[in-house]
Amino acid sequence: MSTSPEHDDRIARLESRLLAAEDQLAIGRLLAGYGPALDRGDADAASSLWTDDGEYDVEGWHMRSRDDVRAMVASPQQAALIEGGCTHLLGPARIDVDGDRAVAVCASMLVVNRDGRFVVARSGANRFELARTDAGWRIVRRTVRLLDGSPEAVALLAEA
Amino acid sequence: MSTSPEHDDRIARLESRLLAAEDQLAIGRLLAGYGPALDRGDADAASSLWTDDGEYDVEGWHMRSRDDVRAMVASPQQAALIEGGCTHLLGPARIDVDGDRAVAVCASMLVVNRDGRFVVARSGANRFELARTDAGWRIVRRTVRLLDGSPEAVALLAEA
Amino acid sequence: MSTSPEHDDRIARLESRLLAAEDQLAIGRLLAGYGPALDRGDADAASSLWTDDGEYDVEGWHMRSRDDVRAMVASPQQAALIEGGCTHLLGPARIDVDGDRAVAVCASMLVVNRDGRFVVARSGANRFELARTDAGWRIVRRTVRLLDGSPEAVALLAEA
């Protein structure tokens, strides 16, 4: 028997709309995994969010591969931060998907424990460029700058 | 040929469920765009989240149209805030959709840079009333009050 | 007439994929309701996020049922916190669903108003274990520890 053309159309539209919803969810979920991975010092999990040659450009530290990100998370500096007490929080991201590429923009904060008090050590603008890979969405480039009035930070918040 | 009634039912249920998921995602995405638009001083982008006659009522400043919101974002006060360094963060919102109307409730924080340190300048309760328009979901009314113990702020957090 | 096997397959795949998306959204929405319910002192709404015998283990206070959670939200301590001004913010959660069980991991912050200033009173690691019930997803166990360098807090951030 042949299939119904009307059903064919409706199913095709559902498939296309669902993929768009799944993309938003998958990217949101990827980003939500960053803070916990970093704050537990899990270098493999944190770096797995990037592509092999993905970049992470955060003031004064430009990582140019997943291995670079892994090394950052496994660094003595990050261990000291965890030992003192730290929380990396990413706000909900505005995600724009265009085929197999996407841009996500959000705020991030780092709260640290200092002498028994919690203080906001950093507050920044984040821009993620992402790609759909065989393993799902991954970060191709992340740029973070402190929102301290620098025009460079403000520019990261631009729409895709 | 006629279509299968069983498939017809399943496709109709999928269409209805997917629309509900898309509504949650679309409203979440709309709200996630506010902070970045405000923190880069993009008056057109920030105000485009509202309907033409949408309202924004934030302590002592009651805007009554998209143009009013645009003027607030373009104001010297907002420019000074950006120049000093500011981050507007909205927490994940609890979204309740009822047909073509919705209510979203969440917390918001404003972190500013003061003399090289980041401090929480404001922390508030947010209530968004939204409408489905031809251009997608838009804000019909947003009310924000500082969570400083005021009963008015607490009341904004009520369920839809 | 018989139904088309090809459509049958595509519809079944859509149903399965949509359920996965709905699970992510439903759990995210459940968690987004916690802060507002707590900050308005709504003991019924806050406790309704848990199963009847759900647990909430937060430093030094181990609640072992929905009634225990209700009593915590209705306690004089929580009323005093609200009267002074408080914002409980949960960051976006990394959610892992496995059939009818799920784990969600995220950061949480408590901002309070002290003498007219807003300060981060607490910043912690959250681990939620959830179950799909007849009433939807509910919290079976939530554990929170301050991210102050304690290994116990860091361990909560582990992947599902």
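Each remark here, short or long, concerns the structure printed above.
In short, a report on the structure. (Residues numbered from 1 in each chain as written. Chains lettered and ligands numbered in written order. Predicted model: local features only at pLDDT ≥ 70, side-chain atom pairs only at ≥ 80, totals over all residues. Heavy atoms only, no water.)

Now for the overall build of chain A. From N to C terminus, chain A includes six helices and seven strands. Walking chain A from its N terminus toward its C terminus, one meets helices and strands in the order α-α-α-β-β-α-α-β-β-β-β-β-α. Seen along its three principal axes, the alpha-carbon backbone of chain A occupies a region of about 75 × 30 × 30 Å. Burial analysis of chain A (160 residues in total) assigns 54% to the buried set. Excluding contacts between residues fewer than 6 apart, the proportion of contacts in chain A whose partners are at least 24 apart in sequence is 49%. Of the roughly 6,800 Å² of accessible surface on chain A, a fraction of 48% belongs to carbon and sulfur atoms. Looking at chain A, you have 19 positive and 26 negative side-chain charges, and the mean spots of the two groups are 3 Å apart. (Helix = DSSP H or I, 4+ residues; strand = E, 2+ residues; numbered from the N terminus. Buried < 20%, exposed > 50% of the residue type's maximum accessible area, 1.4 Å probe, protein only. Contact = heavy atoms within 4.5 Å. Areas by Shrake-Rupley, 256 points an atom, 1.4 Å probe, with all protein chains shown as cover. Lys, Arg positive; Asp, Glu negative; His and termini not counted. Charge placed at Lys NZ, Arg CZ, Asp CG, Glu CD.)

Attention shifts here to a positive patch on the surface. A contiguous patch of positive charge on the surface is contributed by Arg114 and Arg117 of chain A, Arg114 and Arg117 of chain B together with Arg114 and Arg117 of chain C. Arg114 of chain C sits in the partly exposed class, given a relative accessible area of 46%. (Patch = residues over 30% accessible without salt bridge, like charges linked within 9 Å, V, L, I, M, F, W, Y side chains within 5 Å. Salt bridge = Lys/Arg side-chain N within 4 Å of Asp/Glu carboxyl O.)

Looking now at the interface of chain B and chain C. Tallying the contact residues gives 36 residues for chain B and 34 residues for chain C. Both sides together, the interface formed by chain B and chain C hides about 3,000 Å², and carbon and sulfur atoms give 67% of it. The largest contributions to the chain B side of the interface with chain C come from His7, Arg17 and Arg94 of chain B, which together make up 19% of the buried area. Scanning the region where chain B abuts chain C turns up five salt bridges. Arg10 of chain B is the salt-bridge partner of Asp8 of chain C, the closest N and O atoms lying 3.3 Å from each other. Seen at the junction of chain B and chain C, the total is eight residue pairs in polar contact (both at pLDDT 80 or more). Listed by contribution, the elements that provide at least two residues to the side of chain B that touches chain C are helix H1 (5-32), strand S4 (94-98), strand S5 (101-114) and strand S6 (117-133) of chain B. (Buried area = accessible area lost by both parts, 1.4 Å probe. Polar contact = N/O pair within 3.5 Å; in protein donor to acceptor, adjacent residues only side chain to side chain.)

On to the relation of the copies chain B and chain A, then. Placing chain B over chain A gives an RMSD of 0.0 Å and needs a rotation angle of 120°, together with 0.0 Å of translation along the axis. Expressed as an axis order, the relation between the two copies is that of a three-fold axis. (Least-squares fit on C-alpha atoms with pLDDT ≥ 70 in both.)

Residues and elements named next belong to chain B. As for its position among the elements, Arg127 is in strand S6. One buried charged residue, Arg127, forms no salt bridge at all, with the nearest opposite charge on Glu129 at 4.8 Å. A distance of 2.8 Å separates a polar side-chain atom of Arg127 from the backbone oxygen of Leu156. Among the polar contacts made by the side chain of Arg127, one reaches the main-chain carbonyl oxygen of Ala158 at a distance of 2.6 Å. Dropping the residues within four chain positions of it, Arg127 is found in contact with Val103, Ala104, Val105, Arg141, Arg142, Thr143, Leu156, Leu157, Ala158, Glu159 and Ala160.

Turning to the interface of chain B and chain A, a few remarks are in order. Facing 34 residues of chain B, the contacting portion of chain A comprises 36 residues. When chain B packs against chain A, close to 2,900 Å² is buried across both sides, 67% of that on carbon and sulfur atoms. Put simply, chain B and chain A have five salt bridges between them. Salt-bridge contacts for Asp96 of chain A lead to Arg29 of chain B; the nearest nitrogen and oxygen are separated by 2.4 Å. At the boundary of chain B and chain A, one finds eight residue pairs in polar contact (both at pLDDT 80 or more). Every element with two or more residues in the side of chain B that touches chain A is listed here: H1, helix H2 (34-39), helix H5 (76-84), strand S3 (86-90), S5 and S6 of chain B.

Let's shift gears to the packing of aromatic side chains. Applying the stated criterion across every chain, the model contains nine aromatic pairs over all chains. For the pair Tyr34 of chain B and Tyr56 of chain B, a centre-to-centre distance of 6.3 Å together with 85° between the ring planes defines the contact as edge-to-face. On the criterion of sequence distance, the pair formed by Tyr34 of chain B in helix H2 and Tyr56 of chain B in strand S1 (residues 50-58) is long-range, its members being 22 residues apart. The class for Tyr56 of chain B is buried, based on a relative accessible area of 6%. Among the aromatic residues, those joined into a cluster by ring pairs are Tyr34, Trp50 and Tyr56 of chain A. For the cation-ring pair, Arg142 of chain A lies above Tyr34 of chain A, with the distance from its terminal atom to the ring centre recorded as 4.5 Å. (Phe/Tyr/Trp six-rings, centres within 6.5 Å; stacked < 30°, edge-to-face > 60°. Lys NZ or Arg CZ within 6 Å of the ring centre and 35° of its normal.)

Keep in mind these values describe shape, not function.
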